[in-house]
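A structural walkthrough
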Amino acid sequence: MSDAAIRLDYLEKTVRLLYPGPGSPRAYTVLPHPAVPRRMVPRRWWHPWSPVVVPGEGSIATYLGEVFGQPVETVLHVRPAARANRKPVLEARSGGRLLAFVKIGDSARARALITAEAAALRRLAGLELDTVVPPAVLHHGSWRGLAVLALSPLPVRRGRVPRPLLLDAVREIAATGGPRAAWHGDLSPWNMCPSPDGRLLVWDWERYELGVPYGFDAVHHFFQRALRRMSPRVAARACVARAFRELAPLGVSAVVARQTALRYLITLADRHAADGHAPLGPPDTWLNPVVDHEELLT
C-alpha cells in the first residue's frame, strides 16, 4: 500500500476509535472541502489528512469538554505512515480559540512515549529556564483505555533559529539533568522555533533523557538537517567529520566530539531497533561503515 492509502486507512480507524458509539459521526469534513471556497482554505498536500470531525456523544471531544469545562471541537491530524511513534494528535478548540494540542496513546509504544513526555514536561516546569520554552501539561489521563495528554499551545511563528540561540538551548537542556547531562532527544528543526521574546519554543519532549554525553542535541540537530540532502550513510560520515565544529562552542575537544557523534549514532540505531522501525535502513548500511572507518583510524 502507498503512504497515502496507509494513512487514509489509519485515519478511518482513528475516527472510529475516537468518535465511537451511537451518535458518532457517519462522515467528517476533510479539508479542503468542495463547499469551502479556495480563498478560505488554501490547498495544501497535507489537507486530506487533517479532518475536522463533528463529534457525537461519548467521543473524545465530549471527554475533552469535561476536562476543560466547556464545549470542545476537535481537528484531527494523522502523521505519516512510516513512523514508529505515530499517534493521533488533536487540536482542541472552543469558540474558535485553540485550547490545547492533544496526543492520544493508541498503542503500547505511543502510551509509553506520552507518559515519558508528561514526566519530562513536569520536571521542566519545576525549573527556571531562561532560553527554552516548553509547553505545559494541561491534562494527562486516560479515556477508554487510551492515554490522553493535553499540552498548552505555543505561540509558534516559523523562522530561522540563530545558531547562538540553538547552542544556548542545548546548554540549558543539558543542564536540566543536574550532574548528568540531559537531552531533548529530537531537537530537530521542525520541533522548535524562535519566540517573539527571543527565546526558543521547543515541543515534542517524548524522547527526553538524562545521563547522555554532553552535546547529543547539537549532533542530532546537525544529523537531521544533513539527512534532508544526503543519504543516511553520507550523513552519518558527515556527522562524525563535523562533530568538532558543531561541539567546539560547547567546550568539547576534538577527540571527545568524534566519540560523542559515534555514541549518538549508535544510540539512534538502538532507538530504531527498540521501536521496531528502520527509517534509515539497516544499520549495516549506514552505521557500521562509519564505525569501522573510525576504528581503522585509532
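As a reminder, the structure under discussion sits directly above these lines.
Residues numbered from 1 in each chain as written. Predicted model: local features only at pLDDT ≥ 70, side-chain atom pairs only at ≥ 80, totals over all residues. Heavy atoms only, no water.

**With respect to the overall build of the protein chain**
The helix and strand inventory of the protein chain stands at 10 helices and 12 strands. Per-residue burial for the protein chain yields a buried fraction of 48% across its 298 residues. Long-range pairs, those at least 24 residues apart, make up 63% of the contacts in the protein chain between residues at least 6 apart in sequence. For the protein chain, the accessible area works out to roughly 14,700 Å², and carbon and sulfur atoms hold 56% of it. (Helix = DSSP H or I, 4+ residues; strand = E, 2+ residues; numbered from the N terminus. Buried < 20%, exposed > 50% of the residue type's maximum accessible area, 1.4 Å probe, protein only. Contact = heavy atoms within 4.5 Å. Areas by Shrake-Rupley, 256 points an atom, 1.4 Å probe, with all protein chains shown as cover.)

**Topic: the packing of helix 6 (residues 232-241) against helix 8 (residues 254-275)**
As a packed pair, helix 6 and helix 8 sit with axes 8 Å apart at the nearest point and diverge in direction by 150 degrees. By the angle class used here, helix 6 and helix 8 are roughly antiparallel. Contact with helix 6, carried on its side by Ala236, Cys239, Val240 and Ala241, involves Arg258, Ala261, Leu262, Tyr264 and Leu265 of helix 8 and no other residues of that element. Classifying every residue of the contact of helix 6 with helix 8 by side-chain character gives eight nonpolar, no polar and one charged. (Axes fitted to C-alpha atoms, helices over the stretch in contact; angles between N-to-C directions. Parallel < 35°, antiparallel > 145°, perpendicular 65-115°, else oblique. Nonpolar A, V, L, I, M, F, W, Y, C, P; charged D, E, K, R; others polar.)

**Some words on helix 8**
If you check helix 8, its first and last C-alpha atoms are 32 Å apart, about what 22 residues at 1.5 Å a residue would give, namely 32 Å. Residues of helix 8 that are buried: Ala257, Thr260, Ala261, Leu262, Tyr264, Leu265, Leu268, Ala269, Arg271, His272 and Asp275. Backbone geometry just after helix 8 places Gly276 at a positive phi near 70 degrees. (Expected span 1.5 Å × (residues − 1).)

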